[in-house]
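Spelled out, the chains give:
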Amino acid sequence: MKRTEMLKMNYEFNRVFRKGIYYNTKYLTLYVRPRNDNRLMLGITVSKQVKGSVKRNHVKRWLREMYRATESEICTGNDLVIVGRFLPQDTNYHKLLLVWEKLIKEAKIYCPKTAYV
RNA sequence: UGAGUAAACCGGACAAUCGCGGCUGCAAAGAUGAAAAUCUGCAGAUGAGGAAAGUCCGGGCUUCAUAGGGUAGGGACGCCGGGUAGUUCCCGGUGAAGGUGACUUUAAGGAAAGUGCAACAGAAAUUAUACCGCCGAGCGAUCGGUAAGGGUGGAAUGGUGAGGUAAGAGCUCACCGGCAGUCUGGUAACAGGCUGGCCGUGUAAACCCCGUCUGAAGCAACACCGUGGAGAAACAAUAGUGUGACCCGCACGUUUCGUGGAGGUGGCUUGAAUCCGGGCGAAAUCCCGGAUCUAGAUAGAUGAUUGUCCUCGACAGAACCCGGCUUACAGGUUUACUCAGAUU
């Protein structure tokens with residue numbers, strides 16, 4: 001299985017924020033920007049509305065795990081940035097996963113496995 | 001048994017599957033490359049805290065400044081002894097305050113160098129003073145003596161008792177307090193004794209005085225590499241470089257020095273280290289011997305799922321590294337001690 005490619009530099013993030021299309025929900029914001037090549041790159045960031053570095057880190061891990069679970073169903077050729085926003089106390093991984101699945105369909109980057117087979 | 005004091009420690013556990021960081025080893029299958037190597041692959045062990053936090057002190061380390069020394073100014077600290085690389089930290093002790101007690105708290109030098117302040121109340125808040133009183137003189141107005149008592153205040157000119165007196169007063173005496181001198185004990189802070197003598201408030205977390213210490217900035221420090229770009233020098237015109245097997249053709253001046261933006265590499269984990277054993281000491285700490293290597297990321301690694309168990313899980317995430325302080329914290333364990341009660 002292919003390793004997830006991460007966005008690293010600050011300018012890469014800024015490029016996606018400025019030129020990408022964003023899809024907003026209560027818990028997450030997704031920025032999408034098409035790429036010239038066929039790679040799929042991911043950036044994860046969490047808003048400071050989530051207090052405390054422990055909680056922020058935890059949300060980041062959820063987002064990464066969530067992406068990993070659905071990576072094979074996402075269209076290639078895009079830069080994605082997922083932003084974690086304010087989360088109520090009873091949030092857990094499963095709730096986030098449901099939100100995420102809705103979000104990728106809405107953003108029209110949901111490509112079921114046919115692309116790979 | 002109940003209530004409490006002090007110290008030390010732990011900070012959900014186990015199993016399975018998938019996933020992540022750097023490390024070590026293997027493999028040579030795939031990709032890049034001239035090579036070294038890098039990525040991918042497989043295996044292995046390993047991977048956040050007691051506060052990682054606040055960034056409040058003290059260092060190491062680095063750069064800048066600086067011949068050496070002193071003074072002023074600024075800042076910090078302030079009972080004594082010991083510990084330490086060092087501190088405002090730690091340990092032990094002294095004084096003071098609190099608690100029945102175990103024990104706790106303590107910015108604890110100087111008010112006899114000087115200045116300031118002390119609201120309201122009160123007669124009076126410091127080279128001051130007499131409101132109600134008390135006593136004496138006087139018919140009285142008033143004058144003189146006094147600071148026991150009342151009253152004000154956070155604080156009122158040592159306190160209690162006796163003598164003394166017109167009434168009173170350290171005026172005198174005893175004890176207590178405080179001051180000065182001296183002796184004894186203690187390394188010292190200080191404690192105790194003796195003698196003299198009766199001494200005018202508090203505030204230095206007000207200025208100040210005395211003593212001690214004191215360059216500045218921080219890993220985004222700093223060192224190295226550095227496509228591009230700015231600069232300098234040298235060389236060349238049938239040359240050189242790239243493309244290519246070669247020629248033609250096409251494109252471009254080339255090389256060196258050097259400054260350094262983006263970016264990269266180092267700094268980056270072996271250290272006042274951890275564990276075990278022994279020793280000096282009342283303790284902090286120190287000494288000796290043995291063993292171990294225990295995160296090193298850079299959009300920043302610990303997560304998800306399932307199952308079992310319990311007390312049902314708090315505060316909370318390394319970012320150069322140590323020592324200390326402070327603050328946050330569900331619940332639990334151990335040891336020592338105190339008070340009250342019960343039983344023997």
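Residue numbers restart at each chain and count upward from 1, following the sequence in its written direction. Both sets of labels track the order of writing: A upward for chains, 1 upward for ligands. For this predicted model, a pLDDT threshold of at least 70 governs which residues receive local features, and a threshold of 80 or more governs which side-chain atom pairs are given and counted, while totals over whole chains, interfaces and linings are taken from all residues. The basis for the side-chain values is all heavy atoms of the structure; hydrogens and waters are excluded.

Participant: Got a minute to help me understand the pairing of strand β3 (residues 28-34) in this structure?
Facilitator: Buried residues dominate β3, accounting for six of its seven residues. In this sheet, β3 lies alongside strand β2 (residues 21-24) in antiparallel orientation, the contact comprising four bridges. The partner of I21 across the bridge, within β3, is V32. We call two strands paired when DSSP finds no fewer than two bridges between them. Secondary structure is summarised from DSSP: a helix means a run of H or I of at least four residues, a strand means a run of E of at least two, and numbering begins at the N terminus for each. Between β2 and β3, which pair antiparallel in sequence order, lie three residues. Only protein chains enter the accessibility calculation, which uses a 1.4 Å probe; a residue whose area is less than 20% of its type maximum is buried, one above 50% is exposed, and one in between is partly exposed.

Participant: Whenever I open this one, the confidence of the model for chain A confuses me. Can you help?
Facilitator: For any part of a model where pLDDT is low, the fine detail of the predicted coordinates should not be relied upon. The score called pLDDT rates the predictor's confidence residue by residue, from a low of 0 to a high of 100. Confidence in the prediction of chain A, expressed as mean pLDDT, is 73, and 74% of residues score 70 or more. What makes two residues a contact is simply this: any of their non-hydrogen atoms within 4.5 Å. Note on residues 113-117: pLDDT is under 50 here. Beyond four places in sequence and across chains, it has three contacts. Predicted complex metrics record ipTM = 0.72 and pTM = 0.69.

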